[in-house]
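# Breakdown of the fold
Spelled out, the chains give:
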Amino acid sequence: AQSVAQPEDQVNVAEGNPLTVKCTYSVSGNPYLFWYVQYPNRGLQFLLKYITGDNLVKGSYGFEAEFNKSQTSFHLKKPSALVSDSALYFCAVRDPNRDDKIIFGKGTRLHILP
Amino acid sequence: GAGVSQSPSNKVTEKGKDVELRCDPISGHTALYWYRQRLGQGLEFLIYFQGNSAPDKSGLPSDRFSAERTGESVSTLTIQRTQQEDSAVYLCASSLGGPLYEQYFGPGTRLTVT
């Protein structure tokens, strides 16, 4: 069965420092991987996805994520954090061989400290 | 273009009453999802519609919950005999069909059961 794990409930980073939000997954075969962000009092927004090809995927707001098949990870990164990046981040996985529901992680709350 | 819309944005109801929540997906999106998000928590999958296929109802928490979708358009989530633990934000999302497409979320309906 497919699953996704976000091992950190909360991540604190000083403004200007690089940030990483971790995600690991379990799926048979090659996964489709997604990151979504939920800003305070706003809806969930798509950030980026990995389908195939280059392991480094670039998305909105300067975020990027690296697909690592050997470590079954898809960590979200940004070189220099902004206070406005403070939000709830969700990793999600789909099995490309199954047209069923997407599996979301439980979310990681990112706090960027000024 | 128009995004996913949900109505009402807020609903306060008394315990034991029935409520109906509405979702208007993006035109042309064959897939539609309902999620529940309790305060400060992650996404809880409820139900998934894909085209004319039988919906995946595996996430519905009890038989008080049901959902319908008319073709590839509007969906309604009905909660009968509401309980206080049903209080949450109910999110709807739509996407193009197939596992590689990202979801677009509506703003949610905040349900409060008193």
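Structure report, in brief.

Procedures and definitions
- Residues numbered from 1 in each chain as written.
- Chains lettered and ligands numbered in written order.
- Predicted model: local features only at pLDDT ≥ 70, side-chain atom pairs only at ≥ 80, totals over all residues.
- Heavy atoms only, no water.
- Helix = DSSP H or I, 4+ residues; strand = E, 2+ residues; numbered from the N terminus.
- Rg over C-alpha atoms; globule rule 2.2 N^0.38 Å.
- Buried < 20%, exposed > 50% of the residue type's maximum accessible area, 1.4 Å probe, protein only.
- Contact = heavy atoms within 4.5 Å.
- Lys, Arg positive; Asp, Glu negative; His and termini not counted.
- Charge placed at Lys NZ, Arg CZ, Asp CG, Glu CD.
- Phe/Tyr/Trp six-rings, centres within 6.5 Å; stacked < 30°, edge-to-face > 60°.

Our focus in this paragraph is the overall build of chain A. Assigned secondary structure in chain A consists of zero helices and 12 strands. The C-alpha radius of gyration of chain A comes to 14 Å, within 12% of the 13 Å expected for a compact globule of 114 residues. In terms of principal-axis extent, the alpha carbons of chain A reach across some 45 × 30 × 20 Å. Looking at chain A as a whole, 46% of its 114 residues are labelled buried. A separation threshold of at least 6 residues defines the contact pool for chain A, and within that pool the share at least 24 residues apart is 56%. Each charge class in chain A can be summarised by its mean position, and for the 12 positive and 10 negative side chains these summaries are 3 Å apart.

Turning next to the packing of aromatic side chains. For the coordinates displayed, the defined rule picks out 15 aromatic pairs over all chains. Residues Tyr36 of chain A and Phe104 of chain A carry aromatic rings whose centres are separated by 5.4 Å and whose planes lie at 50° to one another, so their mutual orientation is tilted. Residue Tyr36 of chain A is located in strand 5 (residues 32–38), and its partner Phe104 of chain A is located in strand 11 (residues 103–104); the two are separated by 68 residues in the primary sequence. Both residues of the pair, Tyr36 of chain A and Phe104 of chain A, belong to the buried class. Taking the centre distance of 4.7 Å and the plane angle of 10° together, the rings of Tyr33 of chain B and Tyr48 of chain B count as stacked. Here Tyr33 of chain B, found in strand 4 (residues 31–37), pairs with Tyr48 of chain B, found in strand 5 (residues 44–50); they are 15 residues apart in sequence, far enough to count as distant. A relative accessible area of 0% places Tyr33 of chain B in the buried class. Three or more aromatic residues joined by ring pairs form one cluster here, namely Phe34, Tyr36, Phe46, Phe90 and Phe104 of chain A together with Tyr33, Tyr35, Phe45, Tyr48 and Phe105 of chain B.

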